[in-house]
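Coordinate inspection notes
The chain contents come next:
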Amino acid sequence: MAQRLKPVDVVLVGMGWTGAIFAKELAEAGLRVVGLERGVFHDTVPDWQAPAMHDELKYAVRWGLMQDLARETLTFRNDAAQTALPMRQFGSFLPGTDVGGAGVHWNGQTYRFLPSDFVLRSHYSEKYGRNFIDADLTVQDWGVTYDELEPFYDLFERVCGIGGRAGNLKGRRQPGGNPFEGPRSAEYPNPPMTQDFAGALFQKAAASLGLNPFPQPSANMTRHYTNPYGAQMKPCMYCGYCERFACEHFAKASPQVCVLPFAMKNPNFELRTRAHVNRVLLDAGGKRATGVLYVDEGGREFEQPAEIVVLCAYGLWNVHLLLVSGIGQPYDPATGEGVVGRNYAYQTMSSVSVFYDSDTRLNQFMGAGALGTVLDDYNGDNFDHGGPGFVGGGYIALNTTGARPILYHPVPSGTPRWGAGWKRAVARHYNHVAAVGCHGSSAAHRGNYLSLDPTYTDAYGRPLLRLTFDFPDNDRRMSRYITDQAERIAKAMGGRFTERSVAADSTYTITAYQTTHNTGGAIMGNDPRLSVVNKYLQSWDVANLFVQGACVFPQNAGYNPTGTVGALAYWSVKAIKEQFLARREPLVQA
Amino acid sequence: MNPHRGGSRDRALLALAVVAVAGAVVLAAMVREGVAAGATDPPTPSDRRTTPAVAPAAAVAPMEDRTTAFVAFEGDPRAGQRVVMGAGRAGVGGACFPCHGVQGEGDSGGAFPRLAGQPAFYLYKQLTNYADGTRPNAIMSPIAVQMTQQERRDAAAYYSAARAAFRAPPADAPNRLQLGAGIAAVGSRTSGVQACTGCHGPGGSGVPPDVPYLAGQSVAYLELQLRLWHEARRTNDPLGVMADVARRLTPEERASVARYFAALAPPQR
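Treat the numbers as computed from the prediction; the structure is a model and nothing was measured.

1. Examining helix α11 (residues 251-263) of chain B
When the terminal C-alpha atoms of α11(B) are compared, their 19 Å separation across 13 residues agrees well with the 18 Å that a helix rising 1.5 Å per residue should span. Structurally, α11(B) contributes buried residues whose contacts are with α7 (174-186), α9 (219-230) and α10 (241-248) of chain B.

Take a look at the structure:
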């Protein structure tokens, strides 16, 4: 029997980026806020310090900052004809755990989506005709526009101290920035990172082909910076230990560095760690959330009553909570009915490696998570899709994130997998390979979705989340086209030969790492029959329940999601403060 | 009485006398050549047979062509030995050994750091910065200004290759060493400072090419440098990290961390 605790105004489930933002903003608005985090508290000092933090075996190979799959995982299958099996090891993506969530172990690549990304279906239908989009794609508009989100993108970028170069300031094109981006109200708060040698080779080749390279927007600091809350951040040392690691230098934006200290010093906010939320509780009518049920470290069960419930866990687990709590109608791919779990999307990654002579030393061990040179000429609808005939695109980039010793050993195909031949090839190529990456979009498809597994349960007795996914044909065509363009650039970079690798050339495999950009399942929109939350991320079914994270993306764009997740969180929390608190009812009429 | 200390004091006095003469010579030379700071040779063409050094972060705008921005570092220890012994352009007055020792053992008096086994690029960069004014020093700047770029490389290569014995300082108070060790290994939560070892390597053993070792350096030298960073009298850190660290640490923390590193044996490379 769960022990009933003292009611609070707001309970937050998960304390990553969105949890921290909601804690800070709602505690400041005078509400009594409790943040529940399944993991532990950890912080720059003393937990993240080098050289212990540079333990690649512990953090990159053995997933030191990721969730415990022995307690909770998901099952996977490529299509509905298969029987899903549980993932007992990480592979394709790496959901984090502990305070700060994936905001601790991310790279810091921080993008805005294009204005046309937010109106995807109407944009393509108007421009290329109503039948242009493949019939089996369930892509749709977001219900929110770029112009509405712009001030919140700007705020999140200032909170994170993003370094970059504007390409479009209030409609005026800026040299050196991304000419395709939506208009920005202000320049980035910090200058771009110092370009590396490989990035410079990419830039030169791209410019020679008439393309528009620009520095990747980065949450790795480029100078001493104080954010709007007063958080002091320090410049990045280019140590190359960002992704899968925490930053020891106060140099990578994270909830701990940028936001949480300002929530924690507010007496209205209480953080409870080792608190695993298993269910959202509803009233008898099922139209109002009354709080959440959680289990603490000792296995004791608690009911935390609250007036407002905000799901701030990793996107996949927000969808899982909705499903196990019976909120909203689960999606059925056979009929196309239902919404929860619908429009799961991912990212369509590919790359072209350039192999150089041994006298070209790239020294990519001097890197940073978001150190990169990018071009957007083949992203979104920045190019004519009439000929190619698919939806979407992706950015093409040369990223130098750190050539770490255990996992980074690029060798040409045909190299022996082990032994003296392999060692010779690693020694020959380690410092002489540059990879041009394609960060492709992911179109929502009627057969790709999240649901509850009929067979397997987690440590708390709940059915596991089941993922059904394969690359839609649209994305296979898109990825081949984008990779062709990347190959053209790669061949102009002065190497001896190139090799390409396209994930969508074969069936999606969940065992090989691709990217931790899982989206959808609790998508936003203007129509309750086609979305789980409205444009303010408020549940259509339960008005005092809000859902954050990339699970609200109707489909995924050709960018990293965190910038948009942060912008949506600020947009949503503003609507709560300025509209919902006064009326406590649906902010959009169904 | 510690004979080692007495010897150091004698060497220091000798050095000061030498330097006083040298200073006058240098000043005259500067006036003659109209050089304010930094007599620099033309940049060396890129030579990829050697390890490229890190280009200073602020020197090149990011989206310029950086495909040729990496500068090679190459020094000759034999040629460096001549410079160290006073046969360089800075002359006898610019000899390194009277203060830093023939083997780079330094001087426990504090003004003259141990140089043996320091990364060559780091030593070369300091000589350049003594000359260009970002690390102004009454003794070193006039000497460094006189040296050619190649002499700086060679002298740096000499001391980087040198090996010198280490004599541990007298034991300090355990609680003070413990505070210093904590800052070194995990930083200071109250002061918002990251661990020293993050950049300076495990045990303060240095991370070549551009981060010096701290282990076995003298207490007085380490404390002095932290004070210089703190007072912005030393500014040759391209990202301003040391200034930030030194500004945040309390005087007690600075003293403790200096004593901790001074008690460790320097790295054996």
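Continuing now.
2. Focus on unusual backbone geometry
Note on backbone geometry: most residues besides glycine have negative phi, and most peptide bonds are trans. With an omega dihedral of 0 degrees, the bond running from A:A50 to A:P51 counts as a cis peptide bond. As for its position among the elements, A:P51 is in the loop between α2 (44-47) and α3 (56-61). Here B:P208 and B:P209 are connected by a cis peptide whose omega angle stands at 10 degrees. Residue placement: B:P209 occurs in the loop between α8 (197-200) and α9. A positive phi angle, close to 55 degrees, is found at A:F250, a residue other than glycine. With respect to the element layout, A:F250 can be found in the loop between β10 (232-233) and α8 (255-258). Overall, A:F250 belongs to the buried group, its relative accessible area being 14%. Phi angles above zero are rare outside glycine, and A:N343 is one such case at about 60 degrees. Note on placement: A:N343 falls in the loop between α10 (315-325) and β15 (348-355). On the basis of relative accessible area, A:N343 is assigned to the buried category, the value being 1%.

3. Describing the confidence of the model for chain B
Residues and elements named next belong to chain B. With 72% of its residues at a pLDDT of 70 or more, chain B shows a mean pLDDT of 79. Helix α5 (residues 140-146) holds the highest mean pLDDT among the elements of chain B, 97, whereas helix α1 (residues 3-33) holds the lowest, 38. In this model, residues 1-62 is a region of pLDDT below 50 whose contacts with residues beyond four sequence positions or in other chains number 76 contacts. As a predicted assembly, this complex carries a pTM of 0.90 together with an ipTM value of 0.84.

4. Focus on the packing of helix α1 (residues 17-28) of chain A against helix α13 (residues 562-583) of chain A
Residues and elements named next belong to chain A. The interhelical angle for the contact between α1 and α13, taken along N-to-C directions, is 30 degrees, at an axis separation of 10 Å. Relative to α13, the element α1 lies roughly parallel. In terms of crossing hand, the pair formed by α1 and α13 is right-handed. Note on element contacts: α13 touches α1 through T562, V565, G566, A569, Y570, S572, V573, I576 and K577, opposite W17, T18, I21, F22, E25 and L26.

5. Some thoughts on the sheet that holds β15(A)
Residues and elements named next belong to chain A. Taking strand neighbours across the sheet as the criterion, the six strands line up as β8-β16-β17-β18-β15-β21 in an open arrangement whose pairing is antiparallel. Every other strand in the sheet has two partners, leaving β8 (213-215) and β21 (497-502) as the edge strands with one partner each. Adjacent strand axes in the sheet meet at a mean angle of 25 degrees when their direction is disregarded. Judged from the three bridges that link them, β8 and strand β16 (residues 372-375) form a sheet pairing that is antiparallel. Bridge assignment links F214 to a residue of β16, and that residue is V374. Packed on one face of the sheet, helix α7 (residues 197-208) meets β8, β16, β17 (394-399) and β18 (433-440) and runs near 20 degrees to β16.

6. Focus on the nonpolar core
Counting 120 residues, the largest nonpolar core has A:L12, A:F93, A:L311, A:L322, A:L467, A:V552 and A:L568 as its most contacted members. Here the element with the most residues in this core is α13(A); it accounts for 10 residues. Apart from residues lying up to four places away in sequence, A:F93 is in contact with A:L74, A:L316, A:Y344, A:Y346, A:L467, A:Y508, A:I510, A:Y513, A:T515, A:T516 and A:N518. Counting residues in hydrophobic clusters, the runner-up holds 46 residues, among them B:A155, B:Y159, B:C196 and B:L249.

Rules of the game
Sequence positions are assigned chain by chain, starting from 1 and proceeding in written order. Whichever chain is written first becomes A and whichever ligand is written first becomes 1, with later ones labelled in order. Residue-level local features of this predicted model are given only where pLDDT is at least 70; pairs of side-chain atoms are given and counted only at 80 or more, and the full residue set underlies all totals for whole chains, interfaces and linings. Only heavy atoms go into the side-chain values, all of them from the structure, while hydrogens and water stay out. Counting from the N terminus, the helices are the DSSP runs of H or I reaching at least four residues and the strands are the DSSP runs of E reaching at least two. Given the number of residues in a helix, its expected span is that number minus one, multiplied by 1.5 Å. A contact between two residues is defined here by any heavy atoms of the two lying within 4.5 Å. Only protein chains enter the accessibility calculation, which uses a 1.4 Å probe. A residue is then buried if its area is under 20% of the maximum for its type, exposed if over 50%, and partly exposed in between. Scored from 0 to 100, pLDDT records how confident the predictor is in each individual residue. For helices, the fitted line uses only the C-alpha atoms of the stretch in contact; every axis is such a line through C-alpha atoms, and the angle between N-to-C directions lies from 0 to 180 degrees. Oblique is the label for any angle not under 35 degrees, not over 145, and not in the 65 to 115 range, which are roughly parallel, roughly antiparallel and roughly perpendicular in turn. Handedness of a crossing follows from how the near helix is turned relative to the far one, being left-handed for an anticlockwise turn of less than a right angle and right-handed for a clockwise one. Paired strands, as defined in this entry, are two strands with at least two bridges between them according to DSSP. Buried residues of nine kinds, namely Ala, Val, Leu, Ile, Met, Phe, Trp, Tyr and Cys, make up a nonpolar core once their side-chain atoms join them within 4.5 Å.

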